[in-house]
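# Per-entry structural report
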Amino acid sequence: MTGSTGSIRIAMSASTALVALISAANASAAEQAPVATLAATAMSAADETLDAADRATMGQIHGVVTDASGRFVNGAEVRIDSSNIVARTDTEGRFRLTSVAAGSRTITVSYIGLPDLTQQVNVQAGHSTEVALQMGQTDEGGTIIVSGARPIAESEAAALQMQRSSTSLINVVAADSIGRFPDQNIAAALSRLPGIAVQRDQGQERFVSLRGAQTSWTTISFDGINVISPAGRTTRFDTIPSAIASAVIVRKAVTADMPGETVAGNIDVRTRGAFDYPGFNLAGDVALGYNDLGGGLQYNGAAHISDRFFDDTFGVLLSASRYERDMVTDNYEGGWTLRPDGQVWNNNSQNKLYRLTRSNMAFSGRLDWRPSPNHEFFFNSVHTEFRDDEMRSAYVFDVDDSRNGPGWANSATGNTPYEGTIYGVEIDSTLNSNSSRQRIFTNTLGGNHDLNAWDVKWRLNYTRAQDDSRGPFGSTWRSPTSQLLRPSIVYDLTDRTINNLRLYETIRNADGTYSLGNERPSITGTELDYVTMTRTVSRAQTDAYTAKFDVTRDLTLFGSDTKLQFGVQFDDRTKEANRLTLEARPADLAAAGITAPTMDDFAINEPFKGRIPLRYNFRYFSSDAGAALFDSFIANGGTRVQPGTTETNFYKVNERVLAGYLMGTSFFDWGNIVAGARLENVRNQSDAFVQTTVDGATAFLPASVSSSQTMVFPSMHINWDVTPDMKMRLSFNTGAARPDYTDLRPNLSIDDINETVSGGNPLAKPEKAKGVDLYYEWYMPSRGFFSIGAFYKDVTDVLFDIEYNQFGLTDFDTPELKRSTYIYSTIGNGASGSIKGIEVAFSQPLEGLARSLGLPDWMGGFGFQTNLTLNDSEATTPDGRTVALPGASDVVYNVSGYYERAGFSARVSWQERSSWIDSLGSNAVVGDNYWDRVGRLDVSMRYAINDNVEFYFDANNLLDEPGVRYVGDRARVIEHETFGARYMWGARFNF
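Residues numbered from 1 in each chain as written. Predicted model: local features only at pLDDT ≥ 70, side-chain atom pairs only at ≥ 80, totals over all residues. Heavy atoms only, no water.

For the protein, an unreviewed UniProt entry supplies the name TonB-dependent receptor and the organism Croceibacterium xixiisoli. Under the Sequence similarities (unreviewed entry) heading, UniProt states for the protein: "Belongs to the TonB-dependent receptor family." Regarding the protein, the UniProt comment filed under Subcellular location (unreviewed entry) reads as follows: "Cell outer membrane". (UniProt positions renumbered as here; feature names shortened; annotations may be inferred.)

Before going further, it helps to spend a moment on the overall build of the protein. Within the protein, the secondary structure is distributed over ten helices and 51 strands. Whereas a compact globule of 991 residues would reach a radius of gyration of roughly 30 Å, the protein reaches 31 Å, a difference of no more than 12%. The proportion of buried residues among the 991 residues of the protein is 56%. The contacts of the protein with a sequence gap of at least 6 include a subset with a gap of at least 24, amounting to 71%. In the protein, 88 positive and 117 negative side-chain charges are present, and the distance between their average locations comes to 1 Å. (Helix = DSSP H or I, 4+ residues; strand = E, 2+ residues; numbered from the N terminus. Rg over C-alpha atoms; globule rule 2.2 N^0.38 Å. Buried < 20%, exposed > 50% of the residue type's maximum accessible area, 1.4 Å probe, protein only. Contact = heavy atoms within 4.5 Å. Lys, Arg positive; Asp, Glu negative; His and termini not counted. Charge placed at Lys NZ, Arg CZ, Asp CG, Glu CD.)

All right, on to a nonpolar patch on the surface then. Side chains of Leu288, Tyr290, Leu297, Tyr299 and Trp985 sit close together on the surface and give an oily, nonpolar patch of about 500 Å² of accessible area. When contributions to the nonpolar patch are tallied by element, the ones reaching two or more residues are strand 15 (281-291) and strand 16 (297-309). Checked against the element boundaries, Trp985 lands in strand 51 (residues 982-990). (Patch = residues over 30% accessible without salt bridge, like charges linked within 9 Å, V, L, I, M, F, W, Y side chains within 5 Å. Areas by Shrake-Rupley, 256 points an atom, 1.4 Å probe, with all protein chains shown as cover. Salt bridge = Lys/Arg side-chain N within 4 Å of Asp/Glu carboxyl O.)

In space, the four strands of this open sheet follow the order 3-2-5-6, with antiparallel pairing throughout. Looking at strand neighbours, the two that pair on one side only are strand 3 (86-88) and strand 6 (114-123), the edges of this open sheet. Averaged over neighbouring strand pairs, the angle between their axes works out to 25 degrees when direction is ignored. Relative to strand 3, strand 2 (residues 77-80) runs antiparallel, the two being bridged by three bridges. Across the sheet, residue Glu77 finds its bridge partner in strand 3, namely Arg88. (Pairing = 2+ DSSP bridges. Axes fitted to C-alpha atoms, helices over the stretch in contact; angles between N-to-C directions.)

A separate point is the sheet that holds strand 20 (residues 419-422). With respect to topology, four strands assemble into an open sheet ordered 20-24-25-26, the strand pairing being antiparallel. Each edge of the open sheet is held by one strand with a lone partner, namely strand 20 and strand 26 (514-519). For this sheet, the mean inter-axis angle between neighbouring strands, taken without regard to orientation, is 35 degrees. As defined by bridge partners, strand 20 adjoins strand 24 (residues 488-492) across four bridges and the pair is classed as antiparallel. If you follow Gly420 over to strand 24, its bridge partner there is Tyr491.

The next subject is empty space enclosed by the protein. Tallied over the entire structure, the rule returns 15 cavities of 30 Å³ or more. The volume enclosed by the second largest cavity comes to roughly 620 Å³. Along its surface, the second largest cavity is lined by 36 residues, and Glu156, Arg192, Leu193, Gln865 and Arg907 are the ones closest to its centre. Elements that contribute at least two residues to the lining of the second largest cavity include exactly helix 4 (151-165), strand 8 (170-174), strand 40 (833-845), strand 41 (862-876), strand 43 (891-901), strand 44 (904-913) and strand 47 (934-944). Among the elements that take part in the lining of the second largest cavity, helix 4 stands out by supplying seven residues, more than any other. A per-class count over the lining of the second largest cavity returns 17 nonpolar, 13 polar and six charged. Two domains each put at least three residues into the lining of the second largest cavity: domain 2 (151-271) and domain 3 (274-552 + 562-672 + 679-990). (1 Å grid on protein atoms, 1.4 Å probe; cavity = no way out; pocket = protein on both sides within 12 Å on 5 of 7 lines; lining within 4 Å. Points joined across faces, edges and corners; volume = space filled by probe spheres on them. Nonpolar A, V, L, I, M, F, W, Y, C, P; charged D, E, K, R; others polar. Domains from an automatic or database assignment.)

Predicted confidence across the protein gives a mean pLDDT of 87, with 91% of residues reaching 70 or more. Ranking the elements of the protein by mean pLDDT puts helix 1 (residues 3-27) last with 34 and helix 7 (residues 623-635) first with 97. A low-confidence stretch, residues 1-36 (pLDDT under 50), is modelled with 46 contacts involving residues beyond four sequence positions or located in other chains. When the criterion is pLDDT under 50, residues 48-53 qualifies, and its contacts beyond four places in sequence or with other chains add up to eight contacts. (pLDDT = per-residue confidence, 0-100.)

Pasting the structure below:
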């Protein structure tokens, strides 16, 4: 049978399976019966396909592949001469070939940068043959050469090998040979891959955008189990330290065995296990450093220990890590508004001066039990926590206040939007101390079973995600009403890098006009009036339960070697949010006989830690003193529960997903085809309170809304091995990003006076996508790599903030009030959108080139890596505008050069992304809100004194690139923030 005939037949077979599955879904869209019967149907078909006579002449091969140092080789491709099926080694170097024709067979093992290894194996029918294979460079006598550690090259080779051996479109960040990652958190590590852009919060990588898509369109999983982030469907990757991972796999084109709840792709964090190492292993990392801005310290500590027991049938791994840094930021912000004269004027300027302590912490453990070679059980538990303790001193100069006279937004006075003088400006200040924590606690019990012709995998998972806020206090202060007690301001906003405001005393002239007095050196701790003090405690918690069952069988289908895979999955997720706020207003304090405080009551005398030229002085505050002050208010009866806050912020959303899939991977002498479809039934139940008016008083009524939807996600991936070193990949895929839980809540506020309704939208539909990818990959014999690819996604039902002419629901109508006809402001599905673009990646160690040119050996240690992504996205807003999708940069690129020789390793890297829309503006003339282009320069160095100990130095953000947001025009800055460079010195050990 020719390859082309085989490809046609297998495509027809896959198409038939998809049609059958889709037909079943359409026949009972509101029912779940198709999912329940899918596994039984697939199993029966597989049994009928495999002829009994064939079984009697077949055997199996089980093997382990190691490198020259005895470490397990992950991702190596294993082929046998009697079949087109390609096996891949796992993290333990293991592989298995089933349904192997009996007799003498030749095994070939391939891995990037190493010569292919071939070995003869005698296969006996009905038996399993065990083999041990060792790969590596050999000398003239055939002896394998053990070379020195090259962490960058090892990490890159491991990542590329996993990518090459995959049957779908992926990118990988892999730890080096002893488990070291190049970056502190997962988002930072991912930022070096093609097609990935990160969004930072106060200089730290937080959100990930895949190929120009919105951050909420990317899902995260641990060892193949999707989890919900503490922030909801928009995953915060700063919650996850890289120390817990052995590899991170970015799946840009999902397959049918993966949940369909994604538009852009999935990021899978692969954790460690005891069987990943040949025996006992103890490794760790200790480091200390500082931040250039503010001089705060940072430290990092991580370790894991593992071993095997009872004749290698039982394995235990424990790990822990913690990273912490004290930092400050230089921040100023502003607002811009459209005036009747058609000009856009600045309406407020503020300095937000942060002092922060941020930390990542993780604990993980894994137990493995292998009672026999064909059966294994495991329990894996991971706990991560991101903690942010933040003190913020903010001073807002409210220049558009109506009491400011004719100076603001009045060109007749000589003022312009960027330069001028305003008299008697109101200062609004907030002094806040907040402590927030985002946690993920995920636990998986699972098993893998080799039942001769069948492979069975099952997983039971419980995940808890928490987003907690434990604010010690927040406080608000404001200038007195008299203009003479307020400063006058001379502003100059022509330099977008600074907030140039000079404060002066305000003088009223005899004719009623105002003039400038002496320049004011500071904002004192007594000149602003007390407005309120609060303490908020909140928690949003998601409890998720997952049951997953997968079956795989090797068989011959229409003359082609095929892996048939099918399975079912059930997810039950509940997110509940609660909030309580205590407040101490002036009236509350007065009623309790308490004197209103001043800023000086909890101020401290510390010098300003930043470098921004403020032009005025102020005093920092003490978090402990402020918390003690609020505690005294509570103890003396000077506080109350803030009305309505608990009710308006409560919601509970339950989501149940029952899914089934059928997928086949057919192998040919030219490559393989993966085709399948996934059927998902989603049921939502949302509960909250509706704020309304009853008999003239505010009331909160319980509301509950439910919905159900069934969707089918077909996919096909064609992988053509043009040559042993070149691949072409063509992918067709589908997915849907469901609305976030905060969007699905039925928290509604009904205003009968203005006849409006605002709140969540429990009936919002998923954003659906259809995509196609075409990629060329060249894995060079010189260990270099080149790829170029094009991608396109068509997205429908894109979610936007939207205003509907009518609310629609009659649940809250009364005989007197037809609230179903009110204007409804919420999130809603808009029109369609699209993402298209090109990715290019190239990496090349220069060792081979240096050798061929006869250059000295030390010159072979150089190498470089680079990638470029060009995006073009658009979506139609509810008001008919065509805009780029929020979060999408037109250009994203990375460039890095490195050197590795004689135990020394160094890397210099630069990342840059062009500007992108942060959010849509409310006024077309003022414009949308953008993040400006941003780049980052990092340097790292390592020196291994032996196989067990190395020292390292990391320097991040060396150019102190600012984070800048603007509205409409780059000159109209709404936020400018710098963070300073960071330096870290440390040591790693591995035994």
